[in-house]
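This is what each chain is made of:
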Amino acid sequence: MTHPDADTLLKFALKTLDQSESSSVAEHLSVCEKCKDLQQKILGELARLEEVEIHIDVPAPPGLPRRLRLPLAVSRWAAVLAIGFLLGYMTAQLSDPVRPVVVQQRLIPTRAEVSSSGFVSCQAIDVTTSP
Amino acid sequence: MIDDWQCLETAQGGDEKAWRDLFARHYPSLVKMTSCITGSIETGHDLAQESFVRLLRFRIRHHTGSVTSLLSTIAYRLALKEKHRISLYHRPDAALIADGSPSPLELAIRNDTDRIIFRVMQSLSVEHREILTLRLMSGHSYEEIARITGIPIGTVKSRVFYAVKECRQMLKERGVFK
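Note that this is a predicted model, so its numbers are computed, not measured.

Visitor: Sorry, what's going on with the overall build of chain B here?
Guide: The helix and strand tally for chain B stands at 10 helices and 0 strands. Written out in order from the N terminus, the α and β elements of chain B read α-α-α-α-α-α-α-α-α-α. Counting across all 178 residues of chain B, residues that qualify as buried make up 48%. In chain B, the share of contacts with a sequence separation of at least 24, taken over all contacts with a separation of at least 6, comes to 60%. Summing over all exposed atoms, chain B offers an accessible surface of approximately 8,800 Å²; the carbon and sulfur share of this is 52%.

Visitor: How should I be thinking about the interface of chain B and chain A in this particular structure?
Guide: Reports of interface size often rely on the accessible area that becomes lost once the parts have come together. With 45 residues of chain B at the interface, the matching set in chain A holds 34 residues. Around 3,400 Å² of area is buried between chain B and chain A when both sides are counted, 68% of it from carbon and sulfur atoms. On the chain B side of the interface with chain A, the three residues burying the most area are B:Leu136, B:Phe161 and B:Arg168, jointly 17% of the side's total. The tally of links between chain B and chain A comes to 3 salt bridges. Residue B:Asp114 pairs with A:Arg48 through a salt bridge whose shortest N-O separation is 2.7 Å. Our enumeration of links across chain B and chain A arrives at 10 residue pairs in polar contact (both at pLDDT 80 or more). When contributions to the side of chain B that touches chain A are tallied by element, the ones reaching two or more residues are helix 1 (4–12), helix 2 (16–38), helix 3 (41–57), helix 7 (112–122), helix 8 (126–137) and helix 10 (153–173) of chain B. At 9 residues, the largest contribution of residues to the side of chain B that touches chain A is made by helix 2 of chain B. Partitioning the side of chain B that touches chain A into residue classes produces 25 nonpolar, 7 polar and 13 charged.

Visitor: Where do I start with a nonpolar patch on the surface in this structure?
Guide: Residue and element names in this part refer to chain A. The grouping of Phe 85, Leu 86, Tyr 89 and Met 90 at the surface amounts to a nonpolar patch, some 480 Å² of accessible area in total. One can find Met 90 in helix 4 (residues 72–95). Residue classification places Met 90 among the partly exposed residues on the basis of a relative accessible area of 45%.

Visitor: Please clarify how the nonpolar core should be interpreted in this entry.
Guide: Generally speaking, soluble globular proteins have nonpolar side chains that are buried together. Of all hydrophobic cores here, the largest spans 72 residues; its most connected members are A:Leu49, A:Ile54 and B:Leu55. The leading source of residues in this core is helix 2 of chain B, at 10 residues. Looking at this core, you find at least three residues from each of domain 1 (1–91) and domain 2 (109–178) of chain B. Look past the residues within four positions of A:Leu49 in its chain and what remains in contact with it is B:Ile117, B:Met121, B:Leu136, B:Val164, B:Leu171 and B:Phe177.

Visitor: Please clarify how the pattern of salt bridges should be interpreted in this entry.
Guide: Opposite charge on two side chains makes pairing possible when the charged atoms of those side chains draw close. In the structure shown here, the tally under the stated rule is 13 salt bridges over all chains. Ionic pairing is found between A:Glu45 and A:Lys41, a salt bridge with its closest N-O pair at 3.4 Å. Within this pair, A:Glu45 and its partner A:Lys41 are both found in helix 3 (residues 33–50), separated by 4 residues, close to a single helical turn. Salt bridges sharing partners connect three or more residues here, namely A:Lys41, A:Glu45 and B:Arg168.

Thresholds, definitions, all that
- Residues numbered from 1 in each chain as written.
- Chains lettered and ligands numbered in written order.
- Predicted model: local features only at pLDDT ≥ 70, side-chain atom pairs only at ≥ 80, totals over all residues.
- Heavy atoms only, no water.
- Helix = DSSP H or I, 4+ residues; strand = E, 2+ residues; numbered from the N terminus.
- Buried < 20%, exposed > 50% of the residue type's maximum accessible area, 1.4 Å probe, protein only.
- Contact = heavy atoms within 4.5 Å.
- Areas by Shrake-Rupley, 256 points an atom, 1.4 Å probe, with all protein chains shown as cover.
- Buried area = accessible area lost by both parts, 1.4 Å probe.
- Salt bridge = Lys/Arg side-chain N within 4 Å of Asp/Glu carboxyl O.
- Polar contact = N/O pair within 3.5 Å; in protein donor to acceptor, adjacent residues only side chain to side chain.
- Nonpolar A, V, L, I, M, F, W, Y, C, P; charged D, E, K, R; others polar.
- Patch = residues over 30% accessible without salt bridge, like charges linked within 9 Å, V, L, I, M, F, W, Y side chains within 5 Å.
- Core = buried A, V, L, I, M, F, W, Y, C linked by side-chain atoms within 4.5 Å.
- Domains from an automatic or database assignment.

This is the structure:
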């Protein structure tokens with residue numbers, strides 16, 4: 001009977017052996033009391049390592065941020081609506097460009113300003129403006 | 001008891017009670033982990049608190065893994081960053097440990113044998129100490145440790161084996177193990 005060495009027994013206890021090696025060791029342990037006792041000793045030592053207790057005072061948890069107190073669903077819908085409104089406004093601006101303003105003017109001659117050569121001085125009045 | 005993921009979702013929705021429950025469940029082991037990695041219990045507390053704050057902001061897409069594993073991943077990365085930052089400015093408290101005076105972290109260990117075991121673990125190489133902390137102190141599986149640290153699972157298992165082997169040897173020399 002080949003007894004597994006100390007390293008193999010430790011790896012078995014740590015569950016780091018591959019499946020075939022592990023099965024082989026398990027089979028041996030089922031029939032060898034000496035190796036089984038060694039295995040129990042290793043397991044006891046591992047358990048002792050895990051039991052190291054560090055005393056930790058648990059403080060109050062950090063407070064929940066204010067924004068998280070709004071249900072997340074509401075925050076998400078608010079964000080969607082805001083983005084939708086902004087996109088709609090920008091689209092409206094782009095599809096309705098500014099048209100040039102047309103100014104019609106009427107020329108009103110004043111008799112007193114007719115020159116000797118027949119040219120008439122006129123006063124220009126803005127009559128209408130339209131987009 | 002409500003599932004951790006449900007608890008987290010409820011807390012993210014603004015439920016204070018769910019938040020307190022989640023905190024109470026995971027805070028102590030998280031502080032143990034961050035304290036052991038950084039060597040300082042004060043830093044351990046700060047990093048654990050920061051980890052919870054980041055957990056609150058975490059966008060849950062699917063429930064892969066556990067909340068424990070997620071928290072440990074956040075805390076582990078913060079601990080590594082903090083260790084790097086500390087090493088740039090001053091030496092770690094190895095001096096305190098070397099002259100025999102207990103560090104603040106050791107003072108939080110009330111049992112004498114626990115303190116000896118802890119000192120032995122802290123004397124391991126950085127890689128071994130961190131892996132052993134995640135395995136023995138935080139109870140993570142090898143798969144979880146591989147995900148948290150980004151180290152291949154084969155390397156994780158190998159490091160755990162050598163770390164434990166070395167610990168057992170040192171503890172036999174100190175009369176803790178026979």
